[in-house]
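# Report on the structure
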Amino acid sequence: MITLQQDADGYIRMNRHYPAGVRIRIAFADGSTGEFSGRTLNNAYDKALADFRAGNGLDAKGFNRAPSGRTNSGNKIDFVPVHPGMGE
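### A closer look at the nonpolar core
The nonpolar side chains of a soluble globular protein tend to be buried with one another. One finds Leu-4, Ile-12, Met-14, Ile-26, Leu-41, Val-80 and Val-82 to be the most contacted residues of the largest nonpolar core, which totals 17 residues. Among the elements of the structure, strand E3 (23-27) and helix H1 (38-55) are those that each provide at least two residues to this core. In terms of residues, this core owes the most to one element, H1, which gives 5 residues. Apart from the residues within four sequence positions on either side, Ile-26 is in contact with Leu-4, Gln-6, Ile-12, Ser-32, Thr-33, Gly-34, Phe-36, Leu-41 and Val-82.

### Remarks on the packing of aromatic side chains
The relative placement of two aromatic rings is captured by the distance of their centres and the angle of their planes. In the structure shown here, the tally under the stated rule is 1 aromatic pair. Geometrically, the ring pair formed by Phe-28 and Phe-36 is edge-to-face, given 6.2 Å between the ring centres and 90° between the ring planes. Judged by its relative accessible area of 4%, Phe-36 is buried.

### Overview of the pairing of E3
Strand direction decides the pairing type here: strand E1 (residues 2-5) and E3, joined by 4 bridges, are parallel. Directly across from Thr-3, in E3, lies its bridge partner Arg-25. As paired elements, E3 and strand E4 (residues 33-37) share 5 bridges and run antiparallel to each other. Counterpart to Ile-26 in the pairing with E4 is Gly-34. The antiparallel pairing of E3 with E4 creates a hairpin that spans 5 residues between the two strands, and Gly-31 there sits at a positive phi of about 100°.

Rules of the game
- Starting afresh in each chain, residues are numbered from 1 along the sequence in its written order.
- Local features are withheld for residues below a pLDDT of 70 in this predicted model, meaning they are given only at 70 or higher, and side-chain atom pairs are given and counted only at 80 or more; totals for whole chains, interfaces and linings count all residues.
- The basis for the side-chain values is all heavy atoms of the structure; hydrogens and waters are excluded.
- Residues belong to a common nonpolar core when they are buried Ala, Val, Leu, Ile, Met, Phe, Trp, Tyr or Cys residues joined through side-chain atoms within 4.5 Å.
- Burial classes: relative accessible area under 20% of the type maximum marks a residue as buried, over 50% as exposed, and values in between as partly exposed (1.4 Å probe, protein chains only).
- Counting from the N terminus, the helices are the DSSP runs of H or I reaching at least four residues and the strands are the DSSP runs of E reaching at least two.
- In this analysis, two residues are considered to be in contact whenever any of their non-hydrogen atoms come within 4.5 Å of each other.
- Two rings belonging to Phe, Tyr or Trp (six-membered ring only in the last case) form a pair when the distance between their centres is within 6.5 Å. Interplanar angles under 30 degrees mark stacking, angles over 60 mark edge-to-face geometry, and anything in between is tilted.
- Pairs of strands are assigned from DSSP output, requiring at least two bridges between the strands.

Keep in mind these numbers describe shape, not what the thing actually does.
The structure is reproduced here in structure tokens:
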């Protein structure tokens with residue numbers, strides 16, 4: 001069992017996918033806890049990554065299609081928004 005802590009802004013640190021079958025416990029900022037499958041958190045990660053890429057003008061694979069004069073220092077995320085009762 002993996003335990004993650006939600007920060008005051010409502011995010012957990014997650015910079016990769018977890019195995020789909022693993023159970024992950026999240027300690028929420030309000031004091032409650034929830035248990036989720038890796039698949040549920042992976043879906044939340046994928047949604048947050050898609051939102052990040054759309055907001056920064058990147059395509060679905062994370063490539064910057066802007067003219068070469070602009071640079072982007074990264075196309076990944078480290079924090080995923082979570083809330084009690086999400087997913088399952």
